[in-house]
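# Chain and residue survey
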Amino acid sequence: MIPIGEGREGRFLIIFLLQYLPLSGLLAYHEVTAVDAAAIATMLAILTGMTAIAFVSGINTIVLVEGGDMLAERYLKRRLREGIEIGREEANQEWEAWNQRRMDAEKAGRSFNEPPPSQNGRRNGRPQS
């Protein structure tokens, strides 16, 4: 079972209740104190109003939860693309530097036994342990 507050279901429940409960309480307070009607009419008015509040709270919550997830996903995809581009650029720079050292050694008649960047014990820009 998902703990409340984790995942979409938890966020939905929390956001929905944060809207629905206070508005339902205000509606009940208003109907009981400001409207002069019989008890059954007051109760029916509260229940009718709570239906509308539930509908509006549900729609607002869907927009907030799904809209928030959509924006977060878009942001994370953009960050991933940027990270891939940065990683690709760094890898290209490592290869160009390695190749330049290789060509310099070849020109000078020195042996060059430095492994290429793909075999130098590094992964994702960090030394492997």
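For clarity, every value in this text was computed on a predicted model and none was experimentally measured. (Residues numbered from 1 in each chain as written. Predicted model: local features only at pLDDT ≥ 70, side-chain atom pairs only at ≥ 80, totals over all residues. Heavy atoms only, no water.)

Two measures describe an aromatic ring pair: the distance that separates the ring centres and the angle between the ring planes. Per the stated rule, a full pass over the model turns up four aromatic pairs. Considering the side-chain rings of W95 and W98, the 5.5 Å spacing of their centres and the 75 degrees angle between planes classify their relative orientation as edge-to-face. Highlighted residues: W95 and W98, both in helix 2 (residues 39-108), separated by three residues, approximately one helical turn. Between W98 and F112, the aromatic rings sit 5.7 Å apart at their centres with planes inclined by 65 degrees, giving edge-to-face as the arrangement. Note that W98 is positioned in helix 2 and F112 in the loop between helix 2 and strand 1 (122-123), a separation of 14 residues in sequence. Judged by its relative accessible area of 27%, F112 falls in the partly exposed class. Of the aromatic side chains, those joined through ring pairs into one cluster are F12, F16 and Y20. (Phe/Tyr/Trp six-rings, centres within 6.5 Å; stacked < 30°, edge-to-face > 60°. Helix = DSSP H or I, 4+ residues; strand = E, 2+ residues; numbered from the N terminus. Buried < 20%, exposed > 50% of the residue type's maximum accessible area, 1.4 Å probe, protein only.)

Let us look at the pattern of salt bridges. In the structure shown here, the tally under the stated rule is seven salt bridges. A salt bridge links R8 to E66; the nearest nitrogen and oxygen atoms lie 3.5 Å apart. Here R8, found in helix 1 (residues 7-33), pairs with E66, found in helix 2; they are 58 residues apart in sequence, far enough to count as distant. Using a relative accessible area of 41% as the deciding quantity, one classes R8 as partly exposed. A residue is classified by how much of its surface remains accessible, and E66, at 38% relative accessible area, is partly exposed. One salt bridge connects D69 with R11, and the closest N-O pair in it is separated by 2.5 Å. Of the two residues, D69 sits in helix 2 while R11 sits in helix 1, which places them 58 residues apart along the sequence. A relative accessible area of 18% means that D69 is categorised as buried. A relative accessible area of 30% places R11 in the partly exposed class. (Salt bridge = Lys/Arg side-chain N within 4 Å of Asp/Glu carboxyl O.)

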